[in-house]
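Inside the fold
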Amino acid sequence: MSDAPASLQVDNLVSLAAPQFVQGMGLFSATAIVMGSMIGSGIFIVSAEMSRGLGSPALLIAAWLVTALMTIIGALSYGELAAMMPKAGGQYVYLREALGPLWGFLYGWTLFLVIQTGTIAAVGVAFGKFLGVFFPSVSASNWIWHIGHVPAWHLGPMVLGNMEIGLNTANLSAIVVITLLTLLNTMGVKMGSAVQNVFTSAKVFALASVVLVGLIAKNSVAIAANFGAGWHNFWSEAGWGTLHAVQVGVGGPTVYVGLLTMVAVVQVGSLFSSDSWNNVTFTAGEIRDPKRNIPLSLVIGTGVVLLLYVLCNFVYLSVLPMAGDPAATTIVGRGIQFASEDRVATAVMEQAFAGSGAKLMAAVILISTFGCVNGLLMAGARVYYAMSRDGLFFKSVGKLSERSKTPVHSLWVQWAWTCLLCLSGSYGQLLDYVIFAVLVFYILTITGLFVLRRTRPDAVRPYKAFGYPVLPGLYIVMAGWISVVLLRYKPQYTWPGLMIVLLGIPVYLVWTRMSVASRQES
């Protein structure tokens, strides 16, 4: 009798007559999914809010370096799990096998309800907003069908609601893009990966161009303000004894915290901008030689993107002063902290190219968001497919198309819920809520690495996590610290996310009972 876990044995009993995934992606395509899913619109925006909290050029760079360190350690750790279990579903499978089916389901539930679909909706609407730079009629305020306004509802330190529901030209653009890319992905993994390869290559080139432009367009005022003689200004407000102001929750009291706490607080922005690197693990069933290519793609993809991210922030500091005045009428006067609508990269390009800068940056972001949506759509559908195969999602979602060998039903179910989020106007709020939940699932998955080393010591591991157990342990400590800080100082982000996850428990119990009853009837 086989010693393999029951869930793995079930996978091996799939009928040979049923359609199987096509291993149509190599190392380049896998790396394109990693990089393409990471680079959306966040890197061009979040440094403004981070700067307002930190007030120090050194701490801004330090915050991005912390994100880079954590992400690369996470990628190195996931590499072992991916090589050990190269199956469709990725992180869902790792949690299921290491910690049990409930934990896998809670991840998949949150992924479908908010993480993946909410991110797709947010990135899609960002596409629509920047399309408005070229076509002014495309705007969130240009309503086609305005259903109504959901008033703000204050619940302790949180504010729920406060959103507009209906169809406007911005979210219509998002729905059109999401529909087009979903349709392309139903045609086969080679079509989806081809789109991903082209747009990831374009966006990496565009991001590198922003870095080069920034190096050429250095501003003496910004250099003096952010660096100064002997980099004295760079290190200002970065001492261990310096206290930083943080508002607790929405409308809560302002408290003063130390350096480590403040850097943890602003990780909401940098971690979100660097997230989704794990999406390549969802598509493991369609990658050639996954035991080699997934770990390599994780390391190469995260390494290149995070290097570009850190360089981008140095560019921001070289072109714009960090400190600014929200009432200023010039780009330099507003600085990084108060760049118009937080569009720091756009401000940098406008400073470098005067009147054409905004359109150049909008073009970069359109390329970036289009490729990001494609990668997220392609990867997410594979998780719901894996859940369905375990009897934890709609049965039809667990079937592959006879023609394209892709989870077509899963793609369209994902499309339907994502479009609903676009119309609801709730995607941005939901994404704020799940940053904490995403971090918790990363902690649990890397904890699963330790669990599997103990429970399955003889399992074949083509790649073993670099630096184990020190680096994975360091990730858990760092992510744990950030989680505790966010629970304490940003309850408006953390507690709602936790509630969304916990709501999955009764759903899991109902679904497992339905699945058992269905098997007994058949």
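Quick caveat: nothing in here was measured; it's all calculated off a predicted structure. (Residues numbered from 1 in each chain as written. Predicted model: local features only at pLDDT ≥ 70, side-chain atom pairs only at ≥ 80, totals over all residues. Heavy atoms only, no water.)

1. Let's talk about the overall build of the protein chain
Scanning the protein chain from N- to C-terminus turns up 21 helices and 4 strands. Its C-alpha atoms give the protein chain a radius of gyration of 23 Å, near enough to 24 Å, the size a compact globule of 522 residues would have. Taken over the C-alpha atoms alone, the protein chain extends approximately 70 × 55 × 45 Å along its principal axes. Of the contacts made within the protein chain by residues no fewer than 6 positions apart, 78% connect residues no fewer than 24 positions apart. Total accessible area computed for the protein chain in this model is approximately 20900 Å², and 67% of it derives from carbon and sulfur atoms. (Helix = DSSP H or I, 4+ residues; strand = E, 2+ residues; numbered from the N terminus. Rg over C-alpha atoms; globule rule 2.2 N^0.38 Å. Contact = heavy atoms within 4.5 Å. Areas by Shrake-Rupley, 256 points an atom, 1.4 Å probe, with all protein chains shown as cover.)

2. Re the packing of helix H7 (residues 169-185) against helix H17 (residues 408-424)
Following both chains from N to C, one finds H7 and H17 inclined at 175 degrees, their axes separated by 10 Å at the closest point. Classed by the angle they form, the pair H7 and H17 counts as roughly antiparallel. For the pair H7 and H17, contact is made by Asn171, Ala174, Ile175, Ile178, Thr179, Thr182, Leu183 and Asn185 and by Leu411, Trp412, Trp415, Thr418, Cys419, Cys422 and Leu423, respectively. Looking at side-chain class alone, the contact of H7 with H17 contains 10 nonpolar, 5 polar and no charged residues. (Axes fitted to C-alpha atoms, helices over the stretch in contact; angles between N-to-C directions. Parallel < 35°, antiparallel > 145°, perpendicular 65-115°, else oblique. Nonpolar A, V, L, I, M, F, W, Y, C, P; charged D, E, K, R; others polar.)

3. Examining the nonpolar core
Formed by 152 residues in total, the largest nonpolar core has its most connected members in Phe44 and Tyr316. Top contributing element to this core by residue count: helix H16 (residues 357-389), with 16 residues. Excluding its chain neighbours within four sequence positions, the residues that come into contact with Phe44 are Leu207, Tyr316, Asp342, Arg343, Val344, Ala345, Met361, Val364, Ile365 and Ser368. (Core = buried A, V, L, I, M, F, W, Y, C linked by side-chain atoms within 4.5 Å. Buried < 20%, exposed > 50% of the residue type's maximum accessible area, 1.4 Å probe, protein only.)

4. Some words on helix H3 (residues 47-54)
Among all positions in H3, only Ser47, Ala48, Met50, Ser51 and Leu54 are buried. Along the long axis of H3, the arc covered by the buried residues comes to 165 degrees, so they all point the same way. Tucked into the core, H3 has its buried residues touching helix H4 (57-84), strand E3 (244-247), helix H10 (259-265), helix H11 (267-273), helix H13 (290-319) and helix H15 (344-353). Just beyond H3, the residue with positive phi is Gly55, at close to 70 degrees. (Arc of directions from axis to C-beta.)

5. Examining empty space enclosed by the protein
The final tally for this structure, using the stated rule, is 1 cavity of 30 Å³ or more. Considered as a void within the structure, the largest cavity measures approximately 110 Å³ in volume. Along its surface, the largest cavity is lined by Met70, Thr71, Leu271, Phe272, Ser274, Asp275, Trp277, Ile435, Val438, Leu439, Tyr442 and Tyr475. Considered class by class, the residues forming the lining of the largest cavity number 9 nonpolar, 2 polar and 1 charged. (1 Å grid on protein atoms, 1.4 Å probe; cavity = no way out; pocket = protein on both sides within 12 Å on 5 of 7 lines; lining within 4 Å. Points joined across faces, edges and corners; volume = space filled by probe spheres on them.)

6. A few points about the confidence of the model for the protein chain
Predicted confidence across the protein chain gives a mean pLDDT of 89, with 94% of residues reaching 70 or more. Within the model, pLDDT remains below 50 along residues 1-16, and this stretch shows 15 contacts once partners closer than five positions in the same chain are excluded. (pLDDT = per-residue confidence, 0-100.)

7. Focus: a nonpolar patch on the surface
On the surface, a nonpolar cluster with roughly 500 Å² of combined accessible area is contributed by Ile144, Trp145, Ile147, Leu172 and Val176. Looking at the nonpolar patch, the elements with two or more residues in it are strand E1 (143-155) and H7. Per-element accounting of the nonpolar patch gives the leading share, 3 residues, to E1. Looking at where Val176 falls in the secondary structure, it is placed in helix H7. (Patch = residues over 30% accessible without salt bridge, like charges linked within 9 Å, V, L, I, M, F, W, Y side chains within 5 Å. Salt bridge = Lys/Arg side-chain N within 4 Å of Asp/Glu carboxyl O.)

8. Things to note about the packing of aromatic side chains
If you walk through the whole model with that rule in mind, you get 26 aromatic pairs. Note on Phe105 and Trp109: the rings are 6.4 Å apart at their centroids and 25 degrees apart in plane angle, and the pair reads as stacked. With Phe105 and Trp109 both in helix H6 (residues 101-131) and 4 residues apart, the pair spans about one turn of that helix. Here Phe105 matches Trp109 in class, with each residue buried. Considering the side-chain rings of Trp277 and Tyr442, the 5.1 Å spacing of their centres and the 15 degrees angle between planes classify their relative orientation as stacked. Linking Trp277 in the loop between H11 and helix H12 (279-282) with Tyr442 in helix H18 (residues 427-455), this pair joins segments that are 165 residues apart in sequence. Using a relative accessible area of 6% as the deciding quantity, one classes Tyr442 as buried. The lysine or arginine in question, Arg453, covers the ring of Tyr468, its NZ or CZ lying 3.8 Å from the ring centre. (Phe/Tyr/Trp six-rings, centres within 6.5 Å; stacked < 30°, edge-to-face > 60°. Lys NZ or Arg CZ within 6 Å of the ring centre and 35° of its normal.)

9. Digging into unusual backbone geometry
Working note: non-glycine residues mostly have negative phi, and peptide bonds are mostly trans. In this chain, Tyr468 is followed by Pro469 through a cis amide linkage whose omega measures 0 degrees. Secondary-structure assignment places Pro469 in the loop between H18 and helix H19 (470-489). Phi angles above zero are rare outside glycine, and Lys405 is one such case at about 60 degrees. Assignment of secondary structure puts Lys405 in the loop between H16 and H17.

10. Some details on the pairing of strand E4 (residues 254-257)
For E3 and E4, the ladder comprises 4 bridges, and the chain directions are antiparallel. Within E4, the position partnered with Gln247 by the bridge is Thr254. Between E3 and E4, which pair antiparallel and follow one another directly, the connecting turn spans 6 residues, one of which, Gly249, has a positive phi of 65 degrees. (Pairing = 2+ DSSP bridges.)

11. Regarding the environment of Trp64
Residue placement: Trp64 occurs in helix H4. Taking relative accessible area as the criterion, Trp64 reaches 1% and is therefore assigned buried. Between the alpha carbons of Trp64 and Val460 there is a distance of 35 Å; along the sequence they are 396 residues apart. For Trp64, the contacting residues outside a window of four places in its chain are Ile43, Val46, Ser47, Met50, Ser270, Ser273, Ser274, Tyr309, Val310 and Asn313.

12. Thoughts on the side chain of Thr369
By the element assignment, Thr369 lies in helix H16. A distance of 2.8 Å separates a polar atom in the side chain of Thr369 from the backbone oxygen of Ile365. Not counting residues within four places of it along the chain, the set of residues in contact with Thr369 comprises Gly40, Ser41, Val123, Ala126 and Phe127. (Polar contact = N/O pair within 3.5 Å; in protein donor to acceptor, adjacent residues only side chain to side chain.)

13. Quick word on helix H2 (residues 27-38)
Counted at 1.5 Å a residue, the expected span for H2 with its 12 residues is 16 Å, and the 17 Å between its end C-alpha atoms agrees. Within H2, 10 of the 12 residues are buried, which leaves the element mostly enclosed by the surrounding structure. Those residues of H2 that fall on the buried side of the exposure criterion are Ser29, Ala30, Thr31, Ala32, Ile33, Val34, Met35, Gly36, Ser37 and Met38. Where H2 is buried, its residues touch H4, helix H8 (189-216), H11, H12, H13 and H16. (Expected span 1.5 Å × (residues − 1).)

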